[in-house]
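Survey of secondary and tertiary structure
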Amino acid sequence: MRKIMMMLVVVVLAAGSLLAQEVKVVEKVSKKELKKEKKAQRKIEYELFKAEGLNSIEDRDFVLMADRISGRSFRPVLVMDNLNFIKIEGEEITVQYALDGRIGVNGLGGVTYRGKIRNIEAKDLGQGKPGNVLVEFVAPYARGMVRLYIDIRGDQATAQLLNNGQMINFRGEHLTTESADVTRGISRAVF
């Protein structure tokens with residue numbers, strides 16, 4: 001009887017170890033599939049966020065909340081996103097940057113630039129590629145037309161403002177004007 005019980009225990013253990021090996025093989029396959037599914041999901045989300053950003057620009061209801069700014073004369077600097085933004089609302093545009101601990105003409109350590117939009121050209125470069133936008137606007141005290149180039153990459157956006165040889169780069173997430181909470185400074189000068 002003991003021999004039969006021992007044989008039964010050995011058979012049960014052997015069957016359990018074979019089943020465990022099969023489960024490990026299934027786990028490896030499912031991990032690969034899971035990785036592919038996540039990658040496909042990220043691609044879908046990228047395209048959805050890009051389309052949402054391009055639509056909000058065309059609807060003129062767009063805010064780029066910049067968490068990093070740079071220029072020709074300085075490296076990228078981490079900044080507060082509610083003070084550094086680009087806001088397109090209807091026919092008006094507001095571009096503001098504020099560097100912490102500095103004195104600026106807007107009272108926040110930088111410049112606030114408000115103007116009227118003259119032209120917006122938006123285009124989608126295709127699947128997996130960014131959406132490009134050109135915004136041309138005029139503002140008091142500005143010399144000529146100010147150009148703003150925006151690239152939308154998923155839920156992130158970058159922008160480059162060019163005015164009379166000066167350049168400011170913005171990088172951060174894009175939202176609608178309703179979702180964004182920004183603090184606007186005094187606008188009385190140009191970049």
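Here the structure is shown first, and the text comes after it.
A short tour of the structure in this document, coming up. Please read these numbers as outputs of a predicted model, since none were measured by experiment.

Cut-off values and rules
- Residues numbered from 1 in each chain as written.
- Predicted model: local features only at pLDDT ≥ 70, side-chain atom pairs only at ≥ 80, totals over all residues.
- Heavy atoms only, no water.
- Helix = DSSP H or I, 4+ residues; strand = E, 2+ residues; numbered from the N terminus.
- Buried < 20%, exposed > 50% of the residue type's maximum accessible area, 1.4 Å probe, protein only.
- Contact = heavy atoms within 4.5 Å.
- Salt bridge = Lys/Arg side-chain N within 4 Å of Asp/Glu carboxyl O.
- Phe/Tyr/Trp six-rings, centres within 6.5 Å; stacked < 30°, edge-to-face > 60°.
- Pairing = 2+ DSSP bridges.
- Patch = residues over 30% accessible without salt bridge, like charges linked within 9 Å, V, L, I, M, F, W, Y side chains within 5 Å.
- Areas by Shrake-Rupley, 256 points an atom, 1.4 Å probe, with all protein chains shown as cover.
- Lys, Arg positive; Asp, Glu negative; His and termini not counted.
- Charge placed at Lys NZ, Arg CZ, Asp CG, Glu CD.
- Polar contact = N/O pair within 3.5 Å; in protein donor to acceptor, adjacent residues only side chain to side chain.

**Section: the overall build of the protein chain**
A count of helical and extended segments in the protein chain gives 1 helix and 9 strands. Traced from its N-terminal end to its C-terminal end, the protein chain shows the element sequence α-β-β-β-β-β-β-β-β-β. Across the 191 residues in the protein chain, those meeting the buried criterion constitute 34%. By sequence separation, contacts in the protein chain at least 24 residues apart represent 52% of the contacts at least 6 residues apart.

**Re unusual backbone geometry**
At Arg 60, a position not held by glycine, the phi torsion is positive, near 60°. Along the chain, Arg 60 turns up in the loop between helix 1 (2–58) and strand 1 (61–71). Of the residues examined, Arg 60 reaches a relative accessible area of 22% and is grouped as partly exposed.

**Some thoughts on the environment of Ser 73**
Considering the arrangement of structural elements, one finds Ser 73 in the loop between strand 1 and strand 2 (77–78). We classify Ser 73 as exposed; its relative accessible area is 73%. A sequence separation of 93 residues divides Ser 73 from Gln 166, and the C-alpha atoms of the two residues are 9.7 Å apart.

**Describing the pattern of salt bridges**
A side chain of one charge can pair with a side chain of the opposite charge when the charged atoms of the two come close. For the coordinates displayed, the defined rule picks out 8 salt bridges. The residue Glu 92 makes a salt bridge to Arg 114 at a minimum N-O spacing of 3.1 Å. Of this pair, Glu 92 sits in strand 4 (residues 92–98) while Arg 114 sits in strand 5 (residues 110–124), and the two are 22 residues apart along the sequence. Looking at Glu 92, the relative accessible area reads 33%, which means it is partly exposed. Look at Arg 114 and you get partly exposed, because its relative accessible area is 34%. If you follow the salt bridges from partner to partner, you end up with Glu 47, Lys 50 and Asp 124 in one network.

**Section: the packing of aromatic side chains**
In this structure the tally under the stated criterion is 1 aromatic pair. Note on Tyr 113 and Phe 137: the rings are 5.6 Å apart at their centroids and 65° apart in plane angle, and the pair reads as edge-to-face. Of this pair, Tyr 113 sits in strand 5 while Phe 137 is found in strand 6 (residues 131–138), placing the two residues 24 residues apart along the sequence. When its relative accessible area of 1% is taken as the criterion, Tyr 113 is described as buried.

**Topic: the pairing of strand 6**
Buried residues dominate strand 6, accounting for 6 of its 8 residues. Pairing between strand 5 and strand 6: 8 bridges, direction antiparallel. Residue pairing for strand 6: Ala 122 is matched across the bridge by Val 133. Linking strand 5 to strand 6, which pair antiparallel, is a turn of 6 residues; within it Gly 126 sits at a positive phi near 120°.

**Considering a negative patch on the surface**
On the surface, a cluster of negative charge is made up of Glu 45, Asp 67, Asp 81, Asp 155 and Glu 173. Locating Asp 155 in the fold gives a position in the loop between strand 7 (146–153) and strand 8 (156–163).

**Regarding the side chain of His 174**
For His 174, the position within the fold is in strand 9 (residues 166–175). A polar contact of 2.8 Å, which involves the side chain of His 174, links it to the backbone oxygen of Gly 154. When sequence neighbours within four positions are dropped, the list of residues in contact with His 174 reads Phe 49, Gly 53, Phe 62, Val 63, Leu 64, Ile 152, Gly 154, Asp 155, Gln 156 and Ala 157.

**Side note on the pairing of strand 7**
Side chains Val 146, Leu 148, Ile 150 and Ile 152 project from strand 7 onto a buried face, and the interleaved Arg 147, Tyr 149, Asp 151 and Arg 153 project onto a face without burial. One ladder, built from 7 bridges, connects strand 7 with strand 8; its direction is antiparallel. From the neighbouring strand, Ile 150 faces strand 8, where its bridge partner is Ala 159. Where strand 7 folds back onto strand 8 in an antiparallel hairpin, the turn is made up of 2 residues, including Gly 154, whose phi is positive at roughly 70°.

These results come straight from atomic positions and should not be treated as a statement about function.
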